[in-house]
Amino acid sequence: TGSGYYAFLIFNLILAGVPLFFSTVLRIASHWELPWLFRLTLLILWLLFLPNAPYILTDIMHLTRSSEAPAWYDLALLLSCAGTGLLLGYLSLIDVQGIMARTVNAAFGWIFALVSLVLSGFAIYLGRFLRWNSWDVLIEPTRVLGILAATLRPWAHGRALAVTFIFGVILALGYITLRTLLVHQERS
């Protein structure tokens, strides 16, 4: 339609690819047995940027605006970007879960994966409702203290708990489904 309304999706897709970049570099660093401090830094950066991948799911809220294009066209655009972002995040999580399973054990790999997805649910809350960005933790680390203080009174933050739980469950179910399909595919 010539409208630039959905141009933000390009930036969000680039951000969704950042965790896959970090997980790929982490996989290579683990294979080459590079220093643990370097690998830990990559892991932290990966975890910090992971929520950018599933965050695109929340961009569906932009569908409510009026557009020159039919609603189905806008929906197709938003869903394709959301699906791509989610897949990029899941692919990066497969990398990191594999590294954790080889480093510790398979159970720890799964626990780490599921905790990462719940943390992503919380980060989606921070991004969508409080308008935080991943790099805010690096630029303004004192903001993290506010989060830590809020954990002392979790029930006072009902919206944060609800968004974290709902998105954490959705992301975990999607990931478990993908992993199950991949295992089934390998066996057939």
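In what follows, the structure referred to is the one given above.
Let us look at the structure shown here.

1. Looking at the overall build of the chain
And then number 1: Assigned secondary structure in the chain consists of eight helices and zero strands.
And then number 2: Secondary structure of the chain in N-to-C order comes out as α-α-α-α-α-α-α-α.
And then number 3: By the compact-globule yardstick of 16 Å for 188 residues, the chain fits well, its C-alpha radius of gyration being 18 Å.
And then number 4: The long-range share in the chain, meaning contacts at least 24 apart out of those at least 6 apart in sequence, stands at 77%.
And then number 5: Accessible area for the chain stands at about 11,100 Å²; split by element, carbon and sulfur atoms hold 72% of it.
And then number 6: The averaged location of the 8 negative side-chain charges in the chain is 7 Å from the averaged location of its 11 positive side-chain charges.

2. Observations regarding the packing of helix 4 (residues 71-103) against helix 8 (residues 158-187)
And then number 1: Contact geometry for helix 4 and helix 8: axes closest at 11 Å, N-to-C directions at 70°. In this view, helix 4 runs roughly perpendicular relative to helix 8, as classed from their interaxial angle. Seen from above, helix 4 lies across helix 8 with right-handed handedness. For the pair formed by helix 4 and helix 8, the contact residues are L86, L87, Y90, L93, I94 and Q97 on the first element and I170, L171, G174, Y175, L178, R179 and L182 on the second.

3. Overview of helix 8
And then number 1: The terminal C-alpha atoms of helix 8 lie 43 Å apart, and with 30 residues this matches the ideal 44 Å at 1.5 Å per residue to within 8%.
And then number 2: Looking at helix 8, one finds that the buried residues are A160, V163, T164, F167, G168, L171, A172, Y175 and L178.
And then number 3: Residues of helix 8 that are buried in the fold lie against helix 3 (52-55), helix 4 and helix 5 (106-128).

4. Overview of a nonpolar patch on the surface
And then number 1: Taken together, F165, I166, V169, I170 and L173 make up a surface patch of nonpolar side chains, about 480 Å² in accessible area.
And then number 2: You can see L173 is positioned in helix 8.

5. Let's talk about the layout of surface pockets
And then number 1: Roughly 760 Å³ of volume is contained in the largest pocket.
And then number 2: As for the largest pocket, its lining consists of 31 residues, of which L48, P51, A123, N133 and S134 are closest to the centre.
And then number 3: For the lining of the largest pocket, the elements supplying multiple residues, two or more each, are helix 1 (8-31), helix 2 (36-49), helix 3, helix 5 and helix 7 (142-150).
And then number 4: Examining the composition of the lining of the largest pocket, we find that nine residues originate from one element, helix 5, more than from any other.
And then number 5: Among the residues forming the lining of the largest pocket, the class breakdown is 19 nonpolar, nine polar and three charged.
And then number 6: There is about 280 Å³ of room inside the second largest pocket.

6. Regarding unusual backbone geometry
And then number 1: Although it is not a glycine, E33 sits at a positive phi angle of roughly 55°.
And then number 2: Inspection of the secondary structure puts E33 in the loop between helix 1 and helix 2.
And then number 3: For E33, a relative accessible area of 65% puts it in the exposed group.
And then number 4: The phi dihedral of R131 falls on the positive side, at around 60°, and the residue is not glycine.
And then number 5: Take R131: it is sitting in the loop between helix 5 and helix 6 (136-139).
And then number 6: Assessed through its relative accessible area of 52%, R131 is described here as exposed.

What counts and what doesn't
Residues numbered from 1 in each chain as written. Predicted model: local features only at pLDDT ≥ 70, side-chain atom pairs only at ≥ 80, totals over all residues. Heavy atoms only, no water. Helix = DSSP H or I, 4+ residues; strand = E, 2+ residues; numbered from the N terminus. Rg over C-alpha atoms; globule rule 2.2 N^0.38 Å. Contact = heavy atoms within 4.5 Å. Areas by Shrake-Rupley, 256 points an atom, 1.4 Å probe, with all protein chains shown as cover. Lys, Arg positive; Asp, Glu negative; His and termini not counted. Charge placed at Lys NZ, Arg CZ, Asp CG, Glu CD. Axes fitted to C-alpha atoms, helices over the stretch in contact; angles between N-to-C directions. Parallel < 35°, antiparallel > 145°, perpendicular 65-115°, else oblique. Left-handed = near helix turned anticlockwise from the far one by under 90°. Expected span 1.5 Å × (residues − 1). Buried < 20%, exposed > 50% of the residue type's maximum accessible area, 1.4 Å probe, protein only. Patch = residues over 30% accessible without salt bridge, like charges linked within 9 Å, V, L, I, M, F, W, Y side chains within 5 Å. Salt bridge = Lys/Arg side-chain N within 4 Å of Asp/Glu carboxyl O. 1 Å grid on protein atoms, 1.4 Å probe; cavity = no way out; pocket = protein on both sides within 12 Å on 5 of 7 lines; lining within 4 Å. Points joined across faces, edges and corners; volume = space filled by probe spheres on them. Nonpolar A, V, L, I, M, F, W, Y, C, P; charged D, E, K, R; others polar.

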